[in-house]
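Topology and contacts: notes
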Amino acid sequence: MRYMPHTADERAIMLQEIGVGSVDDLFVDIPAEARLTGLLDLPLHASEMDVEKNFRTLAGKNLSPYSAPCFLGAGAYQHHVPSVADHLIQRSEFLTAYTPYQPEISQGTLQALFEFQTQVALITGMEVANASMYDGATSCAESVLMACRVTRRKKAILSGNLHPHYRDVTRTTLQFTEFEATELSPTLEGQEDFEAHIGKDIACVVVQNPDFFGRVQDFTDLAEKCHDAGALLVVVVNEIVSLGAMMSPGEMGADIVAGEGQSIGVPLSFGGPYVGLLATRQKYVRQMPGRLCGETVDQDGQRGFVLTLSTREQHIRREKATSNICTNAGLCSLAFTVHMSLLGETGFTNLAKINHSEAAATAELLNALEGVEVINDTFFNEFTLRLSANASDVVEKLAAKGILGGVPVSRLLPDAEVDNLLLVAVTETCAADDIEKLVSALKEIL
Amino acid sequence: MRYMPHTADERAIMLQEIGVGSVDDLFVDIPAEARLTGLLDLPLHASEMDVEKNFRTLAGKNLSPYSAPCFLGAGAYQHHVPSVADHLIQRSEFLTAYTPYQPEISQGTLQALFEFQTQVALITGMEVANASMYDGATSCAESVLMACRVTRRKKAILSGNLHPHYRDVTRTTLQFTEFEATELSPTLEGQEDFEAHIGKDIACVVVQNPDFFGRVQDFTDLAEKCHDAGALLVVVVNEIVSLGAMMSPGEMGADIVAGEGQSIGVPLSFGGPYVGLLATRQKYVRQMPGRLCGETVDQDGQRGFVLTLSTREQHIRREKATSNICTNAGLCSLAFTVHMSLLGETGFTNLAKINHSEAAATAELLNALEGVEVINDTFFNEFTLRLSANASDVVEKLAAKGILGGVPVSRLLPDAEVDNLLLVAVTETCAADDIEKLVSALKEIL
Amino acid sequence: LETPLIFEQGVPGRLGVDMTEPKKVSSRLGNTARSKPIGLPDLSEPQVLRHFVRLSRQNYSIDSGFYPLGSCTMKHNPRINEKVARLAGLGDLHPMQPVSTVQGALELIDDLAHWLKTITGMPAVAMSPAAGAHGELCGVMAIRAAHEAKGEARKRILVPESAHGTNPATAALCGYKVESVPAREDGRMDLEAFSEKLGPDVAGVMLTNPNTCGLFENDVKKIADMVHEVGAYFYCDGANLNAILGRVRPGDLGVDAMHINLHKTFSTPHGGGGPGSGPVVLSEALAAFAPIPFVTHGENGFDLVEHVEGEASNSFGRMKAYHGQMGMFIRALAYMQSHGADGLRQIAEDAVLNANYIRVGLNDMLHSPFDGICMHEALFDDSSLKDTGVTTLDLAKAMIDEGYHPMTMYFPLVVHGAMLIEPTESESRETLDQFIGAMRYLLNKARDGEATYFAQAPHFAPRRRLDETGAARNPILRWTPEEDDPQSDRTLSAAS
Amino acid sequence: LETPLIFEQGVPGRLGVDMTEPKKVSSRLGNTARSKPIGLPDLSEPQVLRHFVRLSRQNYSIDSGFYPLGSCTMKHNPRINEKVARLAGLGDLHPMQPVSTVQGALELIDDLAHWLKTITGMPAVAMSPAAGAHGELCGVMAIRAAHEAKGEARKRILVPESAHGTNPATAALCGYKVESVPAREDGRMDLEAFSEKLGPDVAGVMLTNPNTCGLFENDVKKIADMVHEVGAYFYCDGANLNAILGRVRPGDLGVDAMHINLHKTFSTPHGGGGPGSGPVVLSEALAAFAPIPFVTHGENGFDLVEHVEGEASNSFGRMKAYHGQMGMFIRALAYMQSHGADGLRQIAEDAVLNANYIRVGLNDMLHSPFDGICMHEALFDDSSLKDTGVTTLDLAKAMIDEGYHPMTMYFPLVVHGAMLIEPTESESRETLDQFIGAMRYLLNKARDGEATYFAQAPHFAPRRRLDETGAARNPILRWTPEEDDPQSDRTLSAAS
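Nothing here was measured: the structure is a model prediction, and the numbers come from that model.

Things to note about the interface of chain D and chain B
Facing 214 residues of chain D, the contacting portion of chain B comprises 199 residues. Summed over both partners, the interface of chain D with chain B buries about 17800 Å², with 62% contributed by carbon and sulfur atoms. Taken together, the links from chain D to chain B amount to 14 salt bridges. The closest approach of N and O atoms between Glu 107 of chain D and Lys 61 of chain B, which form a salt bridge, is 2.8 Å. The interface formed by chain D and chain B includes 102 residue pairs in polar contact (both at pLDDT 80 or more). Take the side of chain D that touches chain B: its biggest share by element is 28 residues, from helix 9 (residues 326–362) of chain D. Residues of the side of chain D that touches chain B, tallied by class, amount to 106 nonpolar, 62 polar and 46 charged.

Some remarks on the pairing of strand 11 (residues 382–387) of chain B
All names here are of chain B. Along strand 11, five of the six residues are buried, which leaves the element largely enclosed by surrounding structure. Sheet topology places strand 10 (residues 372–374) next to strand 11; three bridges connect them, and they run antiparallel. Residue pairing for strand 11: Val 372 is matched across the bridge by Leu 387. In this sheet, strand 13 (residues 421–425) lies alongside strand 11 in antiparallel orientation, the contact comprising five bridges. Across the sheet, Phe 383 pairs through a bridge with Val 424, a residue of strand 13.

Points about the UniProt feature "domain: Glycine cleavage system P-protein N-terminal" (unreviewed entry) in chain A
In the numbering used here, UniProt assigns the feature "domain: Glycine cleavage system P-protein N-terminal" (unreviewed entry) to residues 1–441 of chain A. Helix makes up 36% of residues 1–441 of chain A and strand makes up 13%, while its end C-alpha atoms are separated by 51 Å.

Concerning the interface of chain A and chain D
Contact residues are listed per partner, giving 16 residues for chain A and 16 residues for chain D. Carbon and sulfur atoms supply 52% of the area that chain A and chain D bury against each other, a total of about 1400 Å² over both sides. The largest contributions to the chain A side of the interface with chain D come from Arg 2, Pro 5 and Ser 83 of chain A, which together make up 33% of the buried area. For Arg 57 of chain D, the salt bridge goes to Glu 93 of chain A, with nearest N and O atoms at 2.6 Å. Where chain A packs against chain D, one counts seven residue pairs in polar contact (both at pLDDT 80 or more). The set of elements that each furnish at least two residues to the side of chain A that touches chain D consists of helix 3 (83–89) and helix 4 (92–95) of chain A. Of the residues forming the side of chain A that touches chain D, the biggest block, three residues, is contributed by helix 3 of chain A. By residue class, the composition of the side of chain A that touches chain D is six nonpolar, six polar and four charged.

Some details on unusual backbone geometry
The peptide bond linking Gly 274 of chain D to Pro 275 of chain D adopts the cis configuration, its omega dihedral lying at -5°. Following Ala 457 of chain D, the chain continues into Pro 458 of chain D via a peptide bond in cis, with omega recorded as 0°. You can see Pro 458 of chain D is positioned in the loop between helix 12 (451–456) and helix 13 (468–473). Positive phi outside glycine occurs at Arg 152 of chain A, with the angle close to 55°. Tracing the backbone through its elements, the reader meets Arg 152 of chain A in the loop between helix 6 (136–151) and strand 2 (155–158).

Topic: helix 5 (residues 107–124) of chain B
All names here are of chain B. Between the first and last C-alpha of helix 5 there are 25 Å, a value that for 18 residues agrees with the 26 Å anticipated at 1.5 Å per step. Counted residue by residue, helix 5 has 18 buried out of 18 residues, so it is predominantly covered. Two residues or fewer after helix 5 comes Gly 125, characterised by a positive phi angle close to 75°.

Description of the confidence of the model for chain C
Summarising the model, chain C shows a mean pLDDT of 94, and 97% of its residues fall at 70 or more. Listed scores for the predicted complex are pTM 0.97 and ipTM 0.96.

Examining the pattern of salt bridges
In total, this model carries 103 salt bridges over all chains according to the counting rule given. Between Glu 52 of chain A and Arg 56 of chain A there is a salt bridge; the shortest N-O distance is 2.8 Å. One end of the pair, Glu 52 of chain A, and the other, Arg 56 of chain A, are both in helix 2 (residues 48–59), four residues apart, so they sit about a helical turn from each other. Residue Glu 52 of chain A is classed as buried on the basis of its relative accessible area of 2%. Note that Asp 18 of chain C is salt-bridged to Arg 2 of chain B, the shortest N-O span being 2.7 Å. Here Asp 18 of chain C is found in the segment before helix 1 (45–56), whereas its partner Arg 2 of chain B is found in the segment before helix 1 (8–18) on a different chain.

A few points about the sheet that holds strand 6 (residues 256–260) of chain B
Residue and element names in this part refer to chain B. Pairing is mixed across the open sheet formed by seven strands, whose spatial order is 1-7-6-5-4-2-3. For this open sheet the edge positions go to strand 1 (128–129) and strand 3 (180–183), each flanked by a neighbour on one side alone. In the packing of helix 6 (residues 136–151) onto the sheet, the strands contacted are strand 2 (155–158), strand 4 (202–208), strand 5 (232–237), strand 6 and strand 7 (276–280), and the crossing angle to strand 6 comes to about 165°. Sheet contacts for helix 7 (residues 164–174): strand 2, strand 3, strand 5 and strand 6; angle to strand 3, the most-contacted strand, approximately 150°.

Observations concerning helix 4 (residues 132–149) of chain C
Residue and element names in this part refer to chain C. Taking 1.5 Å per residue as the helical rise, helix 4 with its 18 residues ought to reach 26 Å, and the 25 Å between its terminal C-alpha atoms agrees with that figure. The element helix 4 is largely enclosed, with a buried count of 16 among its 18 residues. The first or second residue beyond helix 4 is Gly 151, which carries a positive phi of 75°.

Quick look at the packing of aromatic side chains
For the structure shown, the criterion picks out 28 aromatic pairs over all chains. Aromatic pair Phe 116 of chain B and Phe 336 of chain B: ring centres 5.3 Å apart, planes at 75°, arrangement edge-to-face. Placement of the pair is Phe 116 of chain B in helix 5 and Phe 336 of chain B in helix 11 (residues 330–367), with a sequence separation of 220 residues. On the basis of relative accessible area, Phe 336 of chain B is assigned to the buried category, the value being 0%. Note on Phe 212 of chain B and Phe 213 of chain B: the rings are 5.3 Å apart at their centroids and 65° apart in plane angle, and the pair reads as edge-to-face. Judged by relative accessible area, Phe 212 of chain B falls into the buried class, the value being 3%. Each residue in the set Tyr 3 of chain A together with Phe 266 and Tyr 335 of chain C is aromatic and connected to the rest through ring pairs, giving one cluster. The residue whose ring lies beneath Arg 56 of chain A is Tyr 66 of chain B, and the NZ or CZ to ring-centre distance is 4.3 Å. One residue, Lys 445 of chain D, lies across the ring of Tyr 453 of chain D, its end atom 4.1 Å from the ring centre.

A look at the side chain of Arg 11 of chain A
Position of Arg 11 of chain A among the secondary structure elements: in helix 1 (residues 8–18). Since its relative accessible area comes to 17%, Arg 11 of chain A is described here as buried. Within polar-contact distance, the side chain of Arg 11 of chain A engages the side chain of Asp 350 of chain C at 2.8 Å. Ignoring any residue separated from it by four or fewer positions in sequence, one finds Arg 11 of chain A in contact with His 6 of chain A together with Gln 346, Asp 350 and Leu 353 of chain C.

Looking at the packing of helix 1 of chain A against helix 10 (residues 326–362) of chain C
With their axes 9 Å apart at the nearest point, helix 1 of chain A and helix 10 of chain C run at an angle of 45° to one another. Of the possible angle classes, the one that applies to helix 1 of chain A and helix 10 of chain C is oblique. The two elements helix 1 of chain A and helix 10 of chain C cross, and the hand of that crossing is left-handed. Only Gln 346, Asp 350, Leu 353, Asn 354, Asn 356, Tyr 357, Arg 359 and Val 360 of chain C of helix 10 of chain C make contact with helix 1 of chain A, whose side of the interface consists of Arg 11, Met 14, Leu 15, Glu 17 and Ile 18 of chain A. For the contact of helix 1 of chain A with helix 10 of chain C, the class distribution of residues is six nonpolar, three polar and four charged.

About the thresholds
Residues numbered from 1 in each chain as written. Chains lettered and ligands numbered in written order. Predicted model: local features only at pLDDT ≥ 70, side-chain atom pairs only at ≥ 80, totals over all residues. Heavy atoms only, no water. Contact = heavy atoms within 4.5 Å. Buried area = accessible area lost by both parts, 1.4 Å probe. Salt bridge = Lys/Arg side-chain N within 4 Å of Asp/Glu carboxyl O. Polar contact = N/O pair within 3.5 Å; in protein donor to acceptor, adjacent residues only side chain to side chain. Helix = DSSP H or I, 4+ residues; strand = E, 2+ residues; numbered from the N terminus. Nonpolar A, V, L, I, M, F, W, Y, C, P; charged D, E, K, R; others polar. Buried < 20%, exposed > 50% of the residue type's maximum accessible area, 1.4 Å probe, protein only. Pairing = 2+ DSSP bridges. UniProt positions renumbered as here; feature names shortened; annotations may be inferred. Expected span 1.5 Å × (residues − 1). pLDDT = per-residue confidence, 0-100. Axes fitted to C-alpha atoms, helices over the stretch in contact; angles between N-to-C directions. Phe/Tyr/Trp six-rings, centres within 6.5 Å; stacked < 30°, edge-to-face > 60°. Lys NZ or Arg CZ within 6 Å of the ring centre and 35° of its normal. Parallel < 35°, antiparallel > 145°, perpendicular 65-115°, else oblique. Left-handed = near helix turned anticlockwise from the far one by under 90°.

Right under this line is the structure:
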């Protein structure tokens with residue numbers, strides 16, 4: 001086996017040094033009746049060549065969005081990731097390093113995390129951010145827990161237009177705690193009436209911007225109402241590119257931003273691993289979950305970085321920790337940092353403008369089709385269509401033509417009466433002829 | 001432009017520091033009438049995303065041997081290259097380093113070259129090797145020039161079964177020198193009669209093993225005859241994997257080995273870049289072309305490596321240099337070294353055995369088909385078929401079925417009457433079902 | 001050479017990514033358009049590349065040296081795994097593609113599930129947890145859901161003293177009271193104490209096996225029986241699965257739930273802290289409560305169950321967006337296929353062999369708190385350093401100068417000044433011999449009274465020892481532009 | 001940490017690559033089967049990976065720092081080029097596939113040829129030369145073939161003193177006598193001397209433009225006319241093409257042949273010494289003599305001409321196996337497309353801007369042998385170091401300690417103690433300022449009489465100065481096993 005160095009001779013010598021007769025003697029603590037004697041019922045070891053073939057075969061059974069016009073969004077977005085980002089996360093010193101608990105030999109990872117935290121704070125308009133969470137949905141759930149700790153209250157209000165997965169995960173996370181969530185119903189039109197629910201027992205209101213249907217809103221008023229009631233406003237952003245063109249949640253008065261950072265630097269990868277963002281105000285930092293990297297100096301007075309505030313974490317606080325989360329999204333946050341560094345102010349804002357203008361132009365084209373209506377008054381790079389036919393059927397027909405035409409709303413909201421609704425995302429990766437193909441295919445189908 | 005850092009403001013400041021009014025002032029030495037005023041008639045700059053798309057489109061117009069059963073050889077062989085090799089040559093410190101003229105900060109490249117030279121010397125059975133040449137064909141031509149320098153004679157004899165490209169390149173290289181080559185005719189059967197040509201004016205005899213048709217021979221006798229006449233024996237090896245199973249040229253008495261190292265570590269890449277090997281006896285080292293890495297010590301007595309014997313090279317000897325070659329195959333030789341290190345003695349010899357046994361088994365299968373005859377008495381992993389039809393036609397028909405079935409001999413030897421001959425190579429990458437597909441397709445076609 | 005922060009570099013207007021001009025269309029952003037700058041620096045591509053290459057060179061990594069890091073299973077990370085994870089048609093799939101267009105992806109998940117179930121001898125596996133701790137959460141939620149389905153409202157979870165901190169943190173997140181069970185003299189859980197704490201209000205026990213002292217809990221079956229007898233469930237922390245692959249199946253030991261750290265045991269890799277992936281294998285008793293989504297196999301190929309209804313009606317819910325850490329699944333499956341049944345068993349054998357080789361190589365100079373054979377990691381305490389003035393921390397930092405990553409220190413908590421060394425199966429005997437030699441050299445040096453040398457270590461790292469206390473007291477968690485009002489700056493970084 | 005040779009590691013039988021067992025078949029090797037071991041070491045995959053990662057960390061590279069290396073054009077190497085070169089269907093094509101299955105590959109070559117012809121304003125290009133020197137060989141062979149076709153047997157090639165050493169070496173390989181033309185005071189070729197040497201037996205002139213002093217030969221058109229007047233051809237060494245991209249086309253200057261170093265101007269990259277690629281653009285007069293193979297475009301798409309017959313009947317022959325350095329073609333084309341017509345021109349402008357910025361930043365402390373504006377590189381001589389006891393070499397080695405690769409030294413030969421600095425367009429003003437600062441610091445230090453410091457430099461590199469003389473005197477060009485007879489060992493390494 002290419003990954004293991006010992007030859008039979010070496011093993012024999014080592015056993016002798018240890019003073020046992022056989023490998024079995026090393027496993028005597030395993031109850032005799034449970035010890036396996038034969039091999040597991042699995043294939044034997046395979047060469048690298050064969051392993052590669054196996055995966056090529058599996059890959060061949062999928063339709064790659066790289067070879068098909070792709071208009072899929074619903075919380076995960078196809079963007080062009082510069083090759084430098086993927087190259088760098090494969091560098092041995094990043095890829096195969098451990099969690100930077102030994103700062104003297106981990107400044108690379110640590111400084112990159114410090115830069116990540118700063119970038120996330122800047123784009124969200126918040127004061128601080130942590131070193132990443134699993135994904136946007138878990139970040140959302142953790143934000144609610146955090147808001148409950150901060151306010152010492154037990155109830156959260158979840159917007160009906162929060163991504164259904166985020167709502168599900170928050171519900172799942174809260175179900176065995178002392179906290180609970182009031183979930184509003186999805187609404188296609190008009191504002192949600194949060195006021196009716198905000199009371200002195202409310203820890204936070206959770207909204208999403210752009211929301212699940214793609215609409216964008218200014219939540220400044222809501223933030224004020226929350227603060228008046230002593231509650232926090234949690235703003236979820238799962239298309240982080242939108243922040244290049246939109247007012248930041250911080251500007252709107254958000255107290256916590258829970259974001260999905262996949263759009264920047266991270267491949268779609270069938271849903272994971274992604275990179276959860278969590279940003280907040282400096283004063284809440286000790287209630288914040290997850291890992292934090294801080295600036296300090298070494299013995300010689302040189303600037304350096306360390307993981308810090310670990311007293312919030314499980315290693316020390318155990319059952320009193322702020323959260324049970326122990327890892328972060330490591331390489332994904334590094335990819336985010338590299339991609340964001342490449343974009344810079346100029347690139348990030350321009351990318352957002354391109355996404356928005358392409359989406360706006362496409363929406364107009366589609367809206368002009370018979371049997372298609374764009375229901376959004378506002379949006380960033382994703383909008384909802386009402387079709388004259390069942391959206392799932394249409395999507396299947398498009399797929400048969402090699403087009404990934406959108407996400408049927410009913411796939412995520414099966415209980416709502418939304419069978420004809422289709423989410424369509426348009427990013428910089430949609431070329432003019434991709435859009436043309438979609439338009440003409442929809443013409444044929446509808 | 002993402003690769004260039006200056007903004008317009010910066011350029012203006014820099015021009016001011018330099019003391020000129022405009023960029024044009026930096027180009028005043030160009031004759032006015034030749035200065036370009038507008039842009040070249042070429043597309044404007046493109047984003048990384050668009051560039052990637054362009055190349056995906058081009059790639060889509062080719063049939064990848066990864067997705068087709070592939071039996072092509074004729075001097076270039078598909079082998080599985082471990083992912084570690086390709087990963088390492090992409091490491092910044094190898095990929096973006098300059099030629100190691102500053103040894104203090106180039107020990108990585110230098111030690112790898114020293115290891116390369118040793119590996120090549122070991123597998124060819126020679127005493128020393130250089131740090132690589134452009135490819136096997138140029139290495140062959142340089143070997144002839146070297147033999148002429150060593151023997152101070154002017155004539156070379158080229159086997160008729162030398163790869164036609166190698167013969168062509170040698171002819172091209174010699175054509176304007178004082179040296180000349182006698183080219184024997186290709187022969188499908190029997191031994192070539194070198195003796196008739198070896199005289200006191202002959203600098204070297206050049207043979208290939210396995211030869212162009214795939215046959216293998218022991219050249220020990222020929223080496224003796226050459227040495228008796230004061231000539232050198234040059235042995236060309238373009239399927240270097242064969243050396244894992246065969247007597248080395250050194251054992252046979254070769255004086256120079258010119259090899260193509262592509263099989264180890266280097267992708268097919270439509271013919272280049274490859275890695276030329278050149279190995280010889282220590283006593284001829286100062287007549288050897290190309291770069292050499294040698295062991296030495298630094299000021300503190302630590303072992304280190306440097307480029308050495310540069311007095312043979314153009315920087316110093318100018319028109320009296322041993323050759324005009326200035327670069328080596330750098331990254332390709334590194335890939336070779338990594339792959340060979342992974343293989344080791346056990347792996348390299350086993351790889352050769354697998355190639356040979358797969359080829360032998362396939363030859364038997366094919367020989368049993370109607371209209372197919374294997375003409376080789378001996379071979380390593382490639383052999384020649386005599387078909388009952390035109391080989392080029394058969395190859396086109398196979399390609400239409402998605403099979404890369406072999407190389408028609410007539411593509412390389414258009415003048416010989418060999419229209420029905422097909423070269424078939426079988427390596428470890430040919431799976432059982434690939435071979436089955438070839439067999440059944442040939443059954444259908446013939 | 002010092003590497004400034006990315007924010008301390010760049011010039012406004014410089015480009016690192018080329019793009020076309022945005023189309024001119026009327027904005028659909030309503031009243032939310034951004035009016036203020038963000039404050040990101042503009043750099044060219046070469047600058048960014050060089051910045052991160054330089055940063056990386058300040059890191060230690062497995063590819064550059066040995067990591068004797070107990071409890072972390074820092075093993076070789078094969079490059080083929082990275083390669084296949086990036087294949088077109090795998091790495092680039094959108095999670096919401098029609099299932100008809102992702103049959104290969106679903107097959108892959110199903111295939112990985114099969115390997116995990118076979119390796120552990122368990123009937124079911126929940127694939128979506130995103131990391132080990134997330135897997136723990138999954139397992140304990142399944143336990144709580146199972147109790148609730150039976151109408152039982154149990155209150156307590158028992159956890160051994162030596163447990164990872166995530167165990168109690170997880171139990172607390174599921175509303176359980178955590179009770180700690182002491183260890184015996186031999187480093188295993190005290191069965192008597194355990195038995196005393198066990199009762200009808202205990203929901204489950206969370207045990208790591210092999211435990212964090214590197215020892216196999218040889219009473220594990222008895223423990224399982226006791227747990228089941230009171231109607232509780234047995235959660236096994238799978239962090240140390242590496243030691244027993246192919247030698248024993250947790251399912252045969254009575255385990256009800258166990259998470260598997262794909263980034264440890266199956267090398268997906270660590271990546272400086274993530275991403276992880278923590279599928280959870282479940283017993284028959286808990287299988288019905290598994291989270292959504294999961295893959296099923298029907299007439300028309302593979303399908304995804306994405307909602308809590310029908311066959312998922314007992315599911316405790318959804319743990320993350322989409323279907324799991326696919327990128328890690330690909331790498332783990334490639335790793336498993338590469339090893340096969342024979343290689344997996346060899347992993348465990350060589351990991352345990354290597355740990356014992358180190359134990360024996362050092363046990364005349366370092367004291368083992370527990371006698372006899374260890375599993376995949378060798379545990380020492382700091383009694384040998386007594387009176388030398390050198391602490392476990394000092395010794396660990398001195399290892400850096402010898403070219404090694406420090407071992408795990410001060411964990412498990414049950415051992416004084418603990419040093420936990422896990423070599424993994426990846427390392428050769430030469431490397432182990434060199435490491436043992438270096439450790440012996442340092443221990444001799446400590447005994448020779450060179451405490452100052454140790455207190456100053458590391459001497460040759462990119463940084464000397466860092467002021468971690470200061471960092472925590474006055475947390476500076478982000479860069480702030482200098483031109484900002486220094487007052488507000490100070491407020492920002494000094495506020496608690 | 002020292003890195004032993006790969007041959008000093010490993011244990012026989014260890015595996016770095018897994019394979020199946022060979023089929024049992026009767027051998028077809030005749031009497032050539034290997035009977036002796038080769039002597040290669042056996043290592044595991046992690047060992048090999050770690051070995052080369054460690055080696056790499058002893059290298060300087062563009063990605064880690066600035067390379068002010070004159071005449072070498074060490075610019076940014078984009079990663080997208082590496083990515084597209086590895087696409088399935090490009091990087092994995094076999095050169096002998098039926099042309100019907102490689103239409104995209106042939107289109108790519110044709111497309112690159114179009115870019116090269118347009119950039120240089122030349123009607124034809126030979127794609128197959130494998131490097132710059134190989135390209136020179138191609139160009140001079142075409143010149144000789146053209147003369148021979150006219151029945152002329154010319155004897156001499158004229159080369160300026162400042163030429164790269166490959167120029168005379170190449171001319172010699174084509175059977176020409178090389179004559180050197182001196183430089184004028186202003187660093188350009190002496191036209192009078194040139195005119196004197198010119199005559200009907202001159203086959204051609206080889207000129208580098210911009211020349212190796214970093215200056216544009218402003219008489220170039222006159223030179224071309226003079227050359228053509230005597231029936232000779234004008235070869236231009238394209239090593240410094242970077243400086244004039246989009247500002248002037250060699251074809252408009254009367255050039256007959258010029259090689260293009262794709263690994264320099266188009267960044268394919270250097271790779272520690274290769275592989276290169278050196279296509280040669282040719283004038284109408286020389287086009288017919290181009291080497292085989294070449295791509296043509298017919299009714300059925302693209303085709304390859306692979307033999308010297310028909311439309312290739314004047315070809316001087318084949319220069320290498322197969323069709324050229326395809327891997328480099330892909331990277332170069334990606335680089336060109338990324339820049340476009342506007343970016344290519346910007347390259348030249350910024351490269352020249354940067355060189356002049358350095359020239360001006362140092363010219364009060366270092367002496368420029370030639371006055372005025374330079375092109376893409378700034379040339380200094382060592383007169384400023386006179387009496388300091390510091391040589392150009394010492395200064396260069398001291399630059400290593402400041403974090404820089406040394407500049408090019410002692411080239412061109414026409415300048416005493418030459419220092420040739422080529423920053424390229426990739427570097428930012430901040431980097432140039434830092435570099436100028438470091439150089440000024442060192443020059444002040446030299447003037448302050450710290451010659452010993454310089455003589456000892458580098459102090460902080462992986463190695464101190466190496467004994468190059470010893471290496472050449474007693475060349476040890478390979479590892480030899482220690483168990484070998486020491487006598488034969490000595491023989492091996494000491495023989496001349």
